[in-house]
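# Topology and contacts: notes
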Amino acid sequence: MEFPRGNLPQRPRAAITLTTFLVAVAVVNPASAVAGSAEAGAFGHDPTGAPPDVRIHLKHAKEVVSEPGNSPAPSSSPAVAGTEPAQPLATSSPSGTSSATSVEGPAVVGWGGNFAGQLGGGFVNSYLTSPVSVPALTGVTHVTAGYHFSLALTTDGTVHGWGGNSYGQLGDGQRFDSFTPIPVVGLSGVTAVAAGGAHAIALLSNGTVATWGGSAFGELGNGLTGAGSESLSYSSTVPVNLKSLGNVVAVGAGGANDATLLSNGTVMAWGENSAGQIGDGTRVEKPVPTLVHGLTNVKAIAIGGDSSHGSHLLALLNDGTVMAVGANGSGQLGDGTMESRSMPVPVKGLSGVVAVSASPSHSMALLSDGTIRVWGNNVFGELGVGAGPETCYTAIGRWACSRVPARVGTLSNVTAISAGWRFSLAVSGGRLFSWGWNEMGRLGNGTTVSTSLPVAAGPTNVTTISAGEQHSEALLSSGAPLPEIEVAAGLGSLTVNWRSSYVTERWYVAHRALTYPRSEWREWVQVPASTRSYSVSGLTSGQPYEVIVKNALFGCRIIAGTPR
């Protein structure tokens, strides 16, 4: 795993090269190893029913590297990511002692891919398999993960964003990545926010909405569209108010789509429509809000999709049933077929549903009894039901799927769900559970081992979760006092000291010289659970070093120091 280089300023920013958005994320309302079917191709079945796109997996291939020792640190218990948010980055002091301070109160944490700073920890690296905290962000009520960027809604009605920003999806009037939260300009009175592929949508207190970011397929809803082109002339780096749309009570965003729920129980949607996911009976792009036909008495919506292919829309009705429309290449509409629909159809056998979530490849429903139903693609174990449960097939291959809802039988008392790209998240008893594909640490359980059954992944006290394409964000109701860590410089040595009440899990320490290009991390050193200090000797005087300290209960932290 690559880690940050030195101390970064409060608002570190770097210009990035424009890239094609290949895969985006689901937006949600509040084990055994998995391998893709050989018949489905080297990378498994494409969730939209299109042939697998190798570029998706090669795009960041050089960035996918492992942690020190080329494997996860061992643990005395099953791998569980931090039960408490990770600590802020260290800051140097004149005395030569650096420290990572303790934080209390509600906290936002993220894990997974971080090459655009989308975890908000103040640095960039390939990925983190354990949660890291988002510093300097308080009063958060909701978080949402987009394609390589994240957004948070705060109690004062403002929105902050961090991560990738090439299309202005952070809404700060610029196109530079930000590794820490920055405010979306000109927004106030926001009551809900959702992140899509390269754009975002916010619901304002007056019932109108604002959008910003890319509009390659008209996803800003302002009539401007690139018709598939990624020209920046169709994007907006600041929020655009859609004054023609009012009485909105909820918003959702997919890769290249937006949807709004109106107070009368109907739904308006716009953007890319090649799979008919707008639900107006056509497959023609809609750059302005368009009525979804046949939907009434709706109380919640969710969209799955990516910015270059269509996916599907889910609508939860007041009677606890669900309607679906759009792509159905893996049965993600749940109507028992693999036929895409441009008009909503009922999901079979569902009742008592209280929340829904959708990814490009699969769907999730939370029932009033605290159990979960899932359907769609299962090549990577994202359904959480083990193998199968059935086989989808076309002329180009066969793959595991479920065309009707199946129960995730090992979880109960669930309070939140989120469908990510080829993985899933759920909260039960305040604890995070995850399953599916675990490349780049998507599951947040401290490993990169995939699983087709739910596993506890930490942290605890989770209230809101949002699964993206390669990263996720979670809001914790309260973050207990964190271990305090400091490093003291000696002659050719660094001594790391920490204070913590954790007594059940062993600690792991590694170090490396702080150089550019980055040097390799040394192997993990395991120390007993009772240890609170570790010294690294034989270092070069005057050369800055980074030391990483890891514990299964709170994840990992990095602190910098320079030997005398």
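As the structure is a prediction and not an experimental result, all values here were calculated from the model.

Quick notes on the rules
The residue numbering used here restarts from 1 in each chain and proceeds along that chain's sequence as written. Local features in this predicted model are restricted to residues of pLDDT 70 or higher, and side-chain atom pairs are both shown and tallied only at a pLDDT of 80 or more, whereas totals for entire chains, interfaces and linings draw on every residue. Note that water and hydrogens are dropped before the side-chain values are worked out from all heavy atoms of the structure. The helix count covers DSSP runs of H or I at least four residues long, the strand count covers runs of E at least two residues long, and both are numbered beginning at the N terminus. Note on areas: Shrake-Rupley with a 1.4 Å probe; residue coverage comes only from the protein chains shown. Disulfides are defined as pairs of cysteine sulfur atoms found within 2.5 Å of each other. Accessible area is worked out with a 1.4 Å probe on protein chains only. A residue is then buried under 20% of its type maximum, exposed over 50%, and partly exposed in between. Strands are treated as partners if at least two bridges between them are detected by DSSP. Salt bridges are identified by distance alone: a Lys or Arg side-chain nitrogen within 4 Å of an Asp or Glu carboxyl oxygen. Pairs were defined over the aromatic rings of Phe, Tyr and Trp, the Trp ring being its six-membered one, requiring ring centres within 6.5 Å. Orientation was assigned from the angle between planes: stacked under 30 degrees, edge-to-face over 60, tilted for the rest. We call two N or O atoms a polar contact when they sit within 3.5 Å, provided that within protein one can donate a hydrogen and the other can accept it, with sequence-adjacent residues counted only if both atoms are side-chain atoms. To obtain an axis, a line is fitted to C-alpha atoms, over the contacting stretch when the element is a helix, and the angle between two such axes runs from 0 to 180 degrees between their N-to-C directions. As a per-residue measure, pLDDT tells how confident the predictor is, with possible values from 0 to 100. Any two residues having at least one pair of non-hydrogen atoms within 4.5 Å are treated as being in contact.

## A short note on the overall build of the protein
Along its length, the protein carries one helix and 38 strands. Split by element, the accessible area of the protein, about 18700 Å² in all, is 54% carbon and sulfur.

## Quick word on the state of the cysteines
Here the structure, examined in full by the defined rule, presents one disulfide. Paired by a disulfide, Cys392 and Cys401 hold their sulfur atoms 2.0 Å apart. Sign of the S-S torsion, about 90° for the bond between Cys392 and Cys401, identifies this disulfide as right-handed. The pair Cys392 / Cys401 is uniform in exposure class, with both members buried.

## Section: the pairing of strand β28 (residues 431-436)
Where burial is concerned, most of β28 is hidden: five out of the six residues are buried. Across six bridges, strand β27 (residues 423-428) lies against β28 in antiparallel orientation. Opposite Ser424, over in β28, you have Trp435 as the bridge partner. Here β28 runs beside strand β29 (residues 451-456); their pairing, made up of three bridges, is antiparallel. Following the sheet pairing, Phe433 is matched in β29 by Ala456.

## A look at unusual backbone geometry
Across the junction of Gly388 and Pro389, the peptide omega takes the value 0°, indicating a cis bond. Along the chain, Pro389 turns up in the loop between β23 (372-377) and β24 (390-394). The phi angle at Ala227 is positive, at roughly 50°, despite the residue not being glycine. Its relative accessible area of 62% is what places Ala227 among the exposed residues.

## A few points about the pattern of salt bridges
It is possible for side chains of opposite charge to pair when their charged atoms get near one another. Tallying each qualifying case throughout the model produces six salt bridges. For Arg442, the salt bridge is made with Glu439, and the minimal N-O distance between the two is 3.2 Å. Given a relative accessible area of 0%, Arg442 falls into the buried group. Here the residues in one salt-bridge network are Asp335, Glu339 and Arg341, joined through shared partners.

## Details of the packing of aromatic side chains
A ring pair, where both rings are aromatic, is described by two values, the distance of the centres and the angle of the planes. Enumeration over the complete set of coordinates arrives at four aromatic pairs. Measuring from ring centre to ring centre gives 5.9 Å for Trp421 and Trp437, while their planes differ by 70°; the resulting arrangement is edge-to-face. Here Trp421, found in the loop between β26 (414-420) and β27, pairs with Trp437, found in the loop between β28 and β29; they are 16 residues apart in sequence, far enough to count as distant. For Trp421, a relative accessible area of 2% translates into the label buried. In this structure Trp437 comes out as buried when scored by relative accessible area, which is 13%. Centre to centre, the rings of Trp498 and Trp507 are 5.2 Å apart; their planes meet at 45°, and the pair counts as tilted. According to the relative accessible area criterion, Trp507 is buried, its value standing at 0%. Through successive ring pairs, a cluster of aromatic residues spans Phe380, Trp421 and Trp437.

## What to know about the side chain of Gln332
Of note, Gln332 is situated in the loop between β19 (322-326) and β20 (341-346). A polar contact is formed between the side chain of Gln332 and the backbone oxygen of Pro360, at a distance of 3.2 Å.

## Some thoughts on the sheet that holds strand β25 (residues 397-407)
Ordered in space as β21-β22-β23-β25-β24, the five strands form an open sheet in which the pairing is antiparallel. Strands at the two margins of the open sheet, each flanked by one partner only, are β21 (353-358) and β24. Recorded for the sheet is a direction-independent mean angle of 25° between the axes of neighbouring strands. As defined by bridge partners, β23 adjoins β25 across four bridges and the pair is classed as antiparallel. Paired with Val374 across the two strands is Ala406, which belongs to β25.

## Considering the side chain of Asp335
The topology assignment puts Asp335 in the loop between β19 and β20. A polar side-chain atom of Asp335 sits 2.9 Å from a polar atom in the side chain of Arg341.

## Comments concerning the confidence of the model for the protein
Confidence along the protein averages 81 in pLDDT terms, with 77% of residues attaining 70 or more. Between residues 1-103, whose pLDDT stays under 50, and residues either more than four places distant or in other chains, the model counts 341 contacts.

## Some details on the environment of Glu439
On the secondary structure map, Glu439 appears in the loop between β28 and β29. By relative accessible area, which is 23% here, Glu439 ends up partly exposed.

## With respect to the sheet that holds strand β15 (residues 267-271)
Strand order in the open sheet formed by four strands is β13-β14-β15-β16, and the pairing between neighbours is antiparallel. The sheet is open, and its two edges are formed by β13 (248-253) and β16 (286-291), each paired on a single side. Shown here is a sheet whose adjacent strand axes are inclined to one another by a mean of 15°, direction ignored. Note: β15 against β16, three bridges, orientation antiparallel. Residue Met268 lies in a different strand from β16, and its bridge partner there is Leu291.

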